[in-house]
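Take a look at the letters that make up each chain.
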Amino acid sequence: MGWLSDRIVRWQREQGRSNLPWQGTRDPYRIWVSEIMLQQTQVAAVTRYFERFIARFPDLRALAGADLDEVMRLWSGLGYYSRARNLHMCARRLVDGHGGEFPKSGVELAKLPGIGRSSGAAIAAFAFGARAPILDGNVRRVLCRVFAVEGYPGRGPVERHLWEIAGRELPERAIETYTQGLMDLGATLCTRSRPACHRCPLRTRCLAREQGRAGELPSPRPRRAIASRATTMLVLRRGDDVLLERRPPSGIWGGLWSLPQFDGDRRARGDPGTRSALESAVARSGYRLISRRALPAFEHLFTHLRLRVEPVLAVVATPRATRVREAPGEIWLALDEVESAALPAPVKSLLLRLRDG
Ligand code: SF4
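Residues numbered from 1 in each chain as written. Predicted model: local features only at pLDDT ≥ 70, side-chain atom pairs only at ≥ 80, totals over all residues.

Concerning the domain arrangement of the chain
When its domains are assigned, the chain resolves into domain 1 (3-132 + 170-188) and domain 2 (227-356). Taking only C-alpha atoms, the centre of domain 1 and the centre of domain 2 are 35 Å apart. Between domain 1 and domain 2, the residue contacts involve 8 residues of the former and 8 residues of the latter. Elements represented by at least two residues in the side of domain 1 that touches domain 2 include exactly α5 (68-75) and α6 (82-97). Looking at the side of domain 1 that touches domain 2, the element that brings in the most residues is α5, giving 4 residues. The residue makeup of the side of domain 1 that touches domain 2, split by class, is 3 nonpolar, 2 polar and 3 charged. (Domains from an automatic or database assignment. Contact = placed C-beta atoms within 7 Å. Helix = DSSP H or I, 4+ residues; strand = E, 2+ residues; numbered from the N terminus. Nonpolar A, V, L, I, M, F, W, Y, C, P; charged D, E, K, R; others polar.)

Structural data, given as structure tokens:
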């Protein structure tokens, strides 16, 4: 074993994490679900969601047989919803095309929806003891610091260099402990800000520490301008119900239920085109308009987009037709059920304010 893997394995055994709900098992299903949840979210936030998810979908077949809406509802709040859609798609693919069995190599796992090279390697290591390097955000940070790797790790050449290091340092034995140890070290000691170098098992050989550059590495992502967009949301209210429609499968909040939305320029709500689109949406609902007013606008920040949301509340009553039906892709949701519904976080807050206001 090289010096790095030797120290990490010893440190993991003595001080690494060992009581996480997805540890102490070889069940690839549980390991896979946890790896996907952990892709963009920290352990502390994932634990509660993981337990709830596994209680409802205890195995691959239960998940494959589930309705996507229910999967999304249990994911609601974890963010990055494409992960949930891919999880569901992947479960179906494994049941339909692989006899309900997970492939045993990281390379094969990485070909499935939403897994990727690093998660594939981690699942293969934890479930099957397979030997392959991982390179998630935490591991990138550790390797950038220990070997003083310059450049933003998301850039192709830097990333390739990091994969080479990750492969080179892989031990022959104890792959699970090593993989877990690298993750633990990045999450608990070699943290983004204020790394605990004085307690780190790698401190005597870490170049960033030696050069006093732990705070500078890894190099930050080059600045990218954040685009701005405005959208109008229609809150069509009928008694204590509001109308929701399903978002298109890709793009912002893809596949989630949300309020009907009309994208416009910076003055979305005042735009004549938007106004007439709103009027036809109300007319299409088949209900009589009682009142309409603007609700306070708010901003929601995505990684690359600042979205200004300008909601309009339209209260309707008494159907004009004798029978009013939901169109496909639409539902009326009781405000009381908003809390547990799979809605984008800012839409949920808006509707909760309406319920409580
Ligand atoms: S010594 Fe500090 S910077 Fe280097 S790996 Fe350990 S915690 Fe990270």
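So, the packing of helix α9 (residues 137-146) against helix α11 (residues 175-188)
Their axes nearest at 8 Å, the elements α9 and α11 cross at an angle of 80°. Accordingly, the angle class assigned to the pair α9 and α11 is roughly perpendicular. Contacts between α9 and α11 involve Asn138, Val139, Arg141 and Val142 from the first element and Leu182, Met183, Leu185, Gly186 and Ala187 from the second. (Axes fitted to C-alpha atoms, helices over the stretch in contact; angles between N-to-C directions. Parallel < 35°, antiparallel > 145°, perpendicular 65-115°, else oblique.)

Looking at α9
Each α-helix turn comprises 3.6 residues. Residues three or four places apart therefore point the same way. Within α9, 9 of the 10 residues are buried, which leaves the element mostly enclosed by the surrounding structure. Considered for burial, the residues of α9 that qualify are Asn138, Val139, Arg140, Arg141, Val142, Leu143, Cys144, Arg145 and Val146. The inward-facing, buried residues of α9 contact α1 (3-15), α10 (156-168), α11 and α12 (207-210). Positive phi shows up at alanine 148, right after α9, with a value of about 45°. (Buried ≥ 20, exposed ≤ 12 C-beta atoms within 10 Å, placed from the backbone.)

Examining the nonpolar core
Judged by nonpolar contacts, the single largest core of 82 residues is most densely connected at Ile123, Ala124, Ala125, Val139 and Leu182. There are two domains that each give this core at least three residues, and those are domain 1 (3-132 + 170-188) and domain 2 (227-356). Among all residues touching valine 139, those that are not within four sequence positions of it are Ile134, Ala166, Leu182, Met183 and Gly186. (Core = buried A, V, L, I, M, F, W, Y, C linked by C-beta atoms within 7 Å.)

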